[in-house]
Amino acid sequence: MYVAVAGFVATVLIHTIASRLAPKVEFSWVGMLKGGRISGVLSVRIRDLLVILIRSLLVGLLFAYLAKPFIYRGRPPAEIWVKGVPLSVVKDIRRKWGDFAEIRFSYNPNPKGRVALVGQWEGLPSGEYEFWTLSSDWEVLDISVSDESFEVEIANSGEDRWFGVEVRSGGKTVLKDSFFIRGGETSRYTATLNLKGEITVSVENRTFYDYVLRERGETEVFAKGLEREIWDALAKTLGVDLTVGVDTLLKEEGSLSFVRDCEKLEGEGLEVERDVVEFVFEDSGCVFLSGTPVLLDGKGKPVGVKHTGGFVFGFSPVRTGWAFTPDFLKFIASFSKKRVKVYASVGDTVKFPEPTEISGKTKLCCPTEFVPKVPGVYALKRGGEDVGVLVVNPRYDVKIPEPPKPLWNYVLPIFLLLLTLEGLLLFKKW
């Protein structure tokens, strides 16, 4: 496409420069005509400009055809990795995307560009990637486990069918059953079970992981209105052990303080500057110039630091919309004073407030950010102490997108139309 644009510009320049460099011959009698009006000069001038424009477009279209332009929202993948899917799906991907991306069935250490993953891959590409899942007429909406019960909710948008469910705890099968869901309905299956430790749930051909933590923490919140409701809901859902202050600067060990008043933060010896903090929304807040950063906003500015045993943040989670994202739950849960359970999906970026040792299907010491590549349960430790688990599940939430819309089929008719128009302009008497 760059060559096409260059060809268009070059054609205009050649016409312009060629006319100026042409040799000039003086005729003495030409001066007699300068004062008069010459019929058709304006129309001839317009015709010449149109011819230059059409010829430039013809050159641009010629190179554009070779470039094969298309319309696509965002940047399409250069490679599509397919693994463990039916042959009919492979044929469908090849039919739709065969002209736009290379289809691969094995790991490529040096992909040509963005990669789309289809199926269950144990390794992620080294560069940019996105997840595609198979189009399905049913979906697991929610899975909930505790030390005494198990629940799974399934939405069936297809035909009436039976769904098989299997639960394994401690390496043993503790439940194997099936339940019936009519087409277009959503149903919840519930069972009373004695569960502990690592849990594996299988629904048809999909496997999910969970973990049962028997201890639950107590959260103390100093906030009002919606801010308090958000933190109360988080504490009830995750069972974390936190001390949180919103618009209140706490000094308790391990506490979390969310303060938008920069003067109050400066009074505690922190160097800050007032700025716009951006997550989902933008809101006024404070960016830290001192302290150990533990959180960056959407633009990479440090908006959270470790300070005197606690953690201070210069923005409001509700006003910025951060409190309504999965990243909020994953990040805040890791501050719990007792063992915590953090949920994530393959490919997510999980952030920790302090360096954390990770063990499981992947062993790593000791990052503050971790991108899980394999589903399963990971143990989290700091300073040799067990601080919780990270539950990583496969991704089933992305559909195979429609391929780019090709434009090169329209280039040839436009080319022929412009060529015909140029011929008419040149041979018509003006």
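That block above? That's the structure.
Residues numbered from 1 in each chain as written. Predicted model: local features only at pLDDT ≥ 70, side-chain atom pairs only at ≥ 80, totals over all residues. Heavy atoms only, no water.

K.L.:
How should the pattern of salt bridges be read in this particular structure?
P.N.:
As a working rule, side chains carrying opposite charge can pair if their charged atoms are close by. Inspection of the entire model under this criterion finds 28 salt bridges. The salt bridge involving Glu422 is made with Arg55; its shortest N-O contact spans 2.6 Å. Placement of the pair is Glu422 in helix α7 (residues 408-427) and Arg55 in helix α2 (residues 41-67), with a sequence separation of 367 residues. Since its relative accessible area comes to 12%, Glu422 is described here as buried. (Salt bridge = Lys/Arg side-chain N within 4 Å of Asp/Glu carboxyl O. Helix = DSSP H or I, 4+ residues; strand = E, 2+ residues; numbered from the N terminus. Buried < 20%, exposed > 50% of the residue type's maximum accessible area, 1.4 Å probe, protein only.)

K.L.:
Just to check I follow, could you spell out α7 for this structure?
P.N.:
For an α-helix, 3.6 residues make a turn, and residues three or four places apart therefore share a direction. End to end, α7 covers 30 Å across 20 residues, agreeing with the expected 28 Å (1.5 Å per residue, within 8%). Listing the buried residues of α7 in full gives Trp408, Val411, Leu418, Glu422 and Leu425. What you see down the axis of α7 is that its buried residues fit within an arc of 70°, all on one side. Exposed side of α7, more than 90 degrees from the buried face: Asn409, Leu417, Leu424 and Phe427 are the residues found there. (Expected span 1.5 Å × (residues − 1). Arc of directions from axis to C-beta.)

K.L.:
Help me understand the environment of Pro109 in this model?
P.N.:
Along the chain, the position of Pro109 falls in the loop between β3 (102-104) and β4 (115-119). Residue classification places Pro109 among the partly exposed residues on the basis of a relative accessible area of 46%. Separated by 14 residues in the primary sequence, Pro109 and Gly123 have C-alpha atoms spaced 10.0 Å apart.

K.L.:
What should I look at first to understand unusual backbone geometry in this one?
P.N.:
Negative phi is the rule for most residues except glycine; trans is the rule for most peptide bonds. Following Cys365, the chain continues into Cys366 via a peptide bond in cis, with omega recorded as -10°. Secondary-structure assignment places Cys366 in the loop between β23 (357-359) and β24 (369-370). Residues other than glycine seldom take positive phi values, yet Asp247 does so here, at roughly 65°. Despite not being glycine, Thr308 has its phi angle at roughly 50°, a positive value. Position of Thr308 among the secondary structure elements: in the loop between β19 (302-307) and β20 (310-313).

K.L.:
Help me understand the sheet that holds strand β7 (residues 149-156) in this model?
P.N.:
In a beta sheet, neighbouring strands pair by backbone hydrogen bonds and run either parallel or antiparallel. Sheet architecture is open: 3 strands sit in the order β6-β7-β10, paired in antiparallel fashion. Single-partner strands in this sheet number two, and they are β6 (138-145) and β10 (185-192). Taking the axes of each pair of neighbouring strands and ignoring which way they run, one obtains an average angle of 15° across the sheet. Note that β6 and β7 share 7 bridges and pair antiparallel. Paired with Val145 across the strands is Phe150, a residue of β7. (Pairing = 2+ DSSP bridges. Axes fitted to C-alpha atoms, helices over the stretch in contact; angles between N-to-C directions.)

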